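# Geometric and topological summary
Here are the chains, one letter per residue:
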Amino acid sequence: MPFADATATDPYTYLGFIQNADSSITRVPDFLPATAASADPSNPVLTKDIPINQQTGTWARLYLPTLAPASTKLPVILYYHGSGFVVSSAATSLFQKFCSDIVLEIPAVMVSVEYRLAPEHRLPAAYDDGHEALHWLKASDDEWLIKYADLSKCYLMGSSAGGNIVYHVALREAACGGGGLAPVKIRGLILHHPFFGGVERSSSEIRLVNDKGLPPSLTDVMWELALPVGADRDHGYCNPMKSVRVELVKKMKSEGWKFLVTGCDGDPLIDRQLEFAKVMRENGVEVIQDFSEGGCHGVEIADDSKATFLYGLIKNFLLTS
């Protein structure tokens, strides 16, 4: 998503959409800068793209630090990008840089998932693709994963809408019993500025109604495009706190999955993120949370100084999970 003033233009234009007379949308070509994968050994991070499901068009971008040790395998981060379920890609330059910096700082192997976008593919399509990618990981014969990845140390991470995907993928895996993933073992879930909503405005949404980065008027449009036709923002995909799947959350606890939830008080969504962390904790899940002052939604993706602190949080979470 472009980091510009979202209140200064029509939300559809801001997202790179053209509204058609029949209420469908047309995407502006090349609206967001993208970066091609590169396995050039002179780069500090190697990247390559691998298909997941050719029928749905999903794929993954793998990230590997050039100096990855051959003798010690690295933890794996399965990553889901953000942008409200409706824009961006695993190839979007902002997310390419974000993922590259993370694998250098941790270090880790990262698998960034290209999932289907709404409104062409409304939810639960992104959850379907996210869960399929997790099971693809356990069966992949990719040489980088075989040689460098410790699948017994797997973390699900997502930014914004990707954080929402992490939670719903985890719910699905908990419903499966958690025993069919070997050799993959989930150690933790990292929700970076997770994207949740609801019909009634929260206090932070009211306080930041004119936020330039993610005003509630923009999230309204994103949810309108992403949710199943006819669903409102209290649907479980958007507002999971309206109908918490307690039995599945407790299953996550029994599996030992820890949560790291991060955000900032300059984000209109902070009240929903705090509520999410609170409810998870009340149901016995170990939750580490870090909410900073100021900032904006997804600030670490564009602010290197903020990003450095986040990388430290993630690194410590991986070391203690």
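Everything below is about the structure shown above.
First things first, this report covers the structure right here in the doc. (Residues numbered from 1 in each chain as written. Predicted model: local features only at pLDDT ≥ 70, side-chain atom pairs only at ≥ 80, totals over all residues. Heavy atoms only, no water.)

### A look at empty space enclosed by the protein
Applying the stated criterion across every chain, the model contains 2 cavities of 30 Å³ or more. For the largest cavity, the full set of lining residues is Phe196, Gly197, Gly198, Arg201, Glu205, Thr219, Asp220, Trp223, Arg233 and Leu269. The biggest single contributor to the lining of the largest cavity is helix H7 (residues 216-226), with 3 residues. Across the lining of the largest cavity, the residue classes tally to 3 nonpolar, 3 polar and 4 charged. Looking at the second largest cavity, its volume works out to about 40 Å³. Among the residues forming the lining of the second largest cavity, the class breakdown is 3 nonpolar, 2 polar and 2 charged. (1 Å grid on protein atoms, 1.4 Å probe; cavity = no way out; pocket = protein on both sides within 12 Å on 5 of 7 lines; lining within 4 Å. Points joined across faces, edges and corners; volume = space filled by probe spheres on them. Helix = DSSP H or I, 4+ residues; strand = E, 2+ residues; numbered from the N terminus. Nonpolar A, V, L, I, M, F, W, Y, C, P; charged D, E, K, R; others polar.)

### Description of the pairing of strand S6 (residues 109-114)
A large share of S6 lies buried, amounting to 6 of its 6 residues. Burial along S6 is two-sided: Val109, Val111 and Val113 and Met110, Ser112 and Glu114, pointing in opposite directions, are all buried. As judged from the 5 bridges shared by strand S4 (residues 58-65) and S6, these two strands associate in the antiparallel manner. If you follow Trp59 over to S6, its bridge partner there is Glu114. Bridge count for strand S5 (residues 74-80) against S6 is 5 bridges, and the pairing is parallel. Bridge pairing in S6 places Tyr79 opposite Ser112. Between the parallel elements S5 and S6, the chain passes through helix H2 (residues 93-105) in a crossover that is right-handed. (Buried < 20%, exposed > 50% of the residue type's maximum accessible area, 1.4 Å probe, protein only. Pairing = 2+ DSSP bridges. Right-handed = clockwise from strand over helix to strand, strands pointing away.)

### Topic: helix H9 (residues 270-282)
Relative to the 18 Å expected for 13 residues at 1.5 Å per residue, H9 spans 18 Å between its end C-alpha atoms, a close match to the ideal helical length. Every buried residue of H9 is listed here: Ile270, Arg272, Gln273, Phe276, Ala277, Val279 and Met280. With its phi angle positive at about 95°, Gly284 sits one or two positions after the end of H9. (Expected span 1.5 Å × (residues − 1).)

### Side note on the sheet that holds S5
Strand order in the open sheet formed by 8 strands is S3-S4-S6-S5-S7-S8-S9-S10, and the pairing between neighbours is mixed. Two strands in the sheet have a free side with no partner beyond their single neighbour: strand S3 (45-53) and strand S10 (287-292). Within this sheet the neighbouring strands show an average axis-to-axis angle of 20°, counted without direction. Relative to S4, S3 runs antiparallel, the two being bridged by 8 bridges. Paired with Asn53 across the strands is Thr58, a residue of S4. (Axes fitted to C-alpha atoms, helices over the stretch in contact; angles between N-to-C directions.)

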